[in-house]
Amino acid sequence: MDQPHQRYGQAGEGALSAALRHASLILLVLLVAAMAYLAGVALTGGAAPFFAAQYLRTQDLAVAAVFALFWIMSGRIDPARLGLDRAVPGPNAAGLRGAALLALIVAAIGAVGVWLVFSGYGMAVDEHWARSDGIVIGTGRGMALIPEAWRDYAAALQPRFARITPDGWWVSEYLPVNAALQYLGGNLASPLLAGWAVLVAADLARRLLPEHPGAPLVCALLMASSAQLLVTAMTPFAMTAHLAFNLTWLWLLLHRDWRAQVAAMPVAFLAIGLHQAVFFPLFAAPFLLETWLSGRRGAAMGQALAIGAAFLFWSAWDTILYALLGAEPVTVSGGGTGTGTGLLFSRFLALLRDFTPASAGLMAINLVRFVTWQNAAVLPLVLVAAAGAWRAGGAWRAMLTGIVLTSGAVMVMLADQGHGWGYRYLHGYIGSACLLATFGWYRLPAAVRDGAAARGVLGAGIVLSLLLLPLRAWQAASFVGPYARADAAIAAMDADVVLIDAPRHVFALELVRNDPLLRNRPKRMATASLTEAQLARICRDFTIARFADADAARFGLDAVENDLPLKRLPQGCGRAGQVGEASSNASIRAALASQS
């Protein structure tokens, strides 16, 4: 087989130094765009999305400065003097065996981190729904029937991303495959999927760069030192499954055997049904185009038809559920109207209407977050790879195109990712980024690549990223910890219903989480979603406790300025043996003491 530089052009001897400089410049441009966006929002009296601004300020700016300093100093100081070149596998390393070991380590870190970092708590409502929908799937139904006594309060019991039918069924607005995986695998589901993703990516490196035995291990090292991959693997977020399914489908697509093509179709079907239907088609489209251009038109058409059919099926998932259960359809959801494919299209149009040029500034924040949660060597090596990847075509060009295509699509449709470790809308492309970085490494001339200086840069990137992992884990634990402690305290309160009413701490709404079968006590309700008449009935029929702004502040939840009013409980609520506002504070103080 031809050497890489014979097929798609070898990088010049100064390519790595240039890439380090360009990476610093790109990061600077992104930071300037991010700061300009935040300044513009402040000057016009608006408010930037809380998580984006908060994470940039408290988590990513310091790491961005470290990355930039590393890239700049690597061009002036030889990291090999510190012996960091020894962290890089040799040219004849047995890459796949080492990659398999790294995959096991990644799975183990993810499994331990579920408890050590997050105490088993998923802060985001997406994480809550992944587990709740799994419980519903375990009943053998696609939706849960709300107990009649609680149906009138359904919107307050599940105030976010819930599909609640007029006749008393509910489930989340998300597709069910990730929830099924979380139900089947429990807290090991995401860690195992992350380990699998590392192993598949390493084997893709072996197949795409067969002349380089060390390529699988280089790729696996880059992935295993990604803070985003590791920390997200500790959560029920669907993004770990997206990454694993993307890489598995690509592995099968690149096989010419008809059995591999048939096997790729159910993988694509499940990938589209993980969480949101749009992500996998965006990943697959560039690979299908390159497959067509390479002359494998039957494979391209077969996969395209399978993906199209799967997309139509999953976009009609809500309609299928209503028909199977005989439930009355929900016709307004997520800013759209209708059901099935019509609902998906109307939601897409609503997202387009919300697009503004300012989304580019928000996307800059997202990209800073994505870059700084990866291995520090990834961006420079991707820059080394870029020109050669485009000329090489095939899978390499598709990887590059996919990252750009999805970045542009989410900037237009939904630039604000909300909560996430790293930038989760590009999580499915961590494999592509690390494969491209591996490609960039092997584009360097052998004399450069095998020299102590270049190996020192890659080794320093690996060591630096590993050293930053405890910081990233601490950042995640510090942010989620107050919510986890508040959640545990609320669960321990002796009341029938806890009213979550903390409008100055808007993300206290994340604490409104109930078992989908409503087996939990106390039930939690969002006070803002209740009418005065409903509040009066609740206060009459149940013992009540309240989680208010003062309680949220004591737990250290994030305060957010807004004009939302604090609802007053009806007169008499909390008397005659019930738990009212004053006694609820005592309950929370006791719960706080039990958590300390």
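It should be emphasised that the depicted structure is a prediction, and the values quoted were computed from it without experimental measurement.

J.: Can you tell me about the overall build of the protein chain, naming the residues and giving the values?
T.: A count of helical and extended segments in the protein chain gives 25 helices and 8 strands. Based on the C-alpha atoms only, the size of the protein chain along its principal axes is roughly 85 × 50 × 45 Å. Among the 596 residues that make up the protein chain, the fraction classed as buried is 58%. Considering only contacts within the protein chain whose residues lie at least 6 apart along the sequence, 82% involve residues at least 24 apart. Positive and negative charge centroids in the protein chain, built from 43 and 35 side chains respectively, lie 6 Å apart.

J.: So, the nonpolar core: which residues are in play, and what are the values?
T.: Met223, Trp249, Trp421 and Phe547 are the most contacted members of the largest nonpolar core, which has 175 residues in total. Sorting elements by how many residues they give to this core places helix H22 (residues 452-491) first, with 17 residues. One finds Leu518, Met525, Ile538 and Phe542 within the second-largest nonpolar core, a separate group that totals 21 residues.

J.: So what's going on with the packing of helix H4 (residues 95-116) against helix H9 (residues 215-224)? Which residues, and what values?
T.: In the contact formed by H4 and H9, the axes pass within 7 Å of each other and the chain directions differ by 15°. Regarding the angle of H4 to H9, the classification is roughly parallel. Along this stretch, H4 crosses H9, giving a crossing that reads as left-handed. Here Gly95, Leu96, Gly98, Ala99, Leu102 and Val106 of H4 come into contact with H9, specifically with Pro216, Leu217, Ala220, Leu221 and Ala224. For the contact of H4 with H9, the per-class residue count stands at 9 nonpolar, 2 polar and no charged.

J.: Go over a nonpolar patch on the surface with me, naming the residues and quoting the values.
T.: Taken together, the side chains of Leu25, Leu28, Val29 and Val32 define a hydrophobic patch exposed on the protein surface, amounting to about 370 Å² of accessible area. With respect to the helices and strands, the residue Val29 is situated in helix H2 (residues 15-43).

J.: A description of H9 should follow, citing residues and the corresponding values.
T.: H9 sits mainly inside the fold: 10 of its 10 residues count as buried. Turning to H9, its buried residues number three or more, namely Ala215, Pro216, Leu217, Val218, Cys219, Ala220, Leu221, Leu222, Met223 and Ala224.

J.: Describe the sheet that holds strand E2 (residues 162-164), listing the residues and the values that go with them.
T.: Strand order in this open sheet of 3 strands is E1-E3-E2, and the pairing throughout is antiparallel. The strands lining the two open edges of the sheet, one partner per strand, are strand E1 (144-145) and E2.

J.: So what about the pattern of salt bridges? Which residues, and what values?
T.: All told, the structure shown has 15 salt bridges when counted by the stated rule. Measuring nitrogen to oxygen at the nearest pair gives 2.7 Å for the salt bridge that ties Asp515 to Arg519. Given the relative accessible area of 57%, Arg519 is considered exposed. In this structure, Arg540 and Asp541 form a salt bridge, with 2.9 Å as the shortest nitrogen-oxygen distance. Residue class for Asp541 comes out partly exposed when judged on its relative accessible area of 42%. The network of salt bridges with common partners includes Asp60, Arg369 and Arg472.

Quick notes on the rules
Residues numbered from 1 in each chain as written. Predicted model: local features only at pLDDT ≥ 70, side-chain atom pairs only at ≥ 80, totals over all residues. Heavy atoms only, no water. Helix = DSSP H or I, 4+ residues; strand = E, 2+ residues; numbered from the N terminus. Buried < 20%, exposed > 50% of the residue type's maximum accessible area, 1.4 Å probe, protein only. Contact = heavy atoms within 4.5 Å. Lys, Arg positive; Asp, Glu negative; His and termini not counted. Charge placed at Lys NZ, Arg CZ, Asp CG, Glu CD. Core = buried A, V, L, I, M, F, W, Y, C linked by side-chain atoms within 4.5 Å. Axes fitted to C-alpha atoms, helices over the stretch in contact; angles between N-to-C directions. Parallel < 35°, antiparallel > 145°, perpendicular 65-115°, else oblique. Left-handed = near helix turned anticlockwise from the far one by under 90°. Nonpolar A, V, L, I, M, F, W, Y, C, P; charged D, E, K, R; others polar. Patch = residues over 30% accessible without salt bridge, like charges linked within 9 Å, V, L, I, M, F, W, Y side chains within 5 Å. Areas by Shrake-Rupley, 256 points an atom, 1.4 Å probe, with all protein chains shown as cover. Salt bridge = Lys/Arg side-chain N within 4 Å of Asp/Glu carboxyl O. Pairing = 2+ DSSP bridges.

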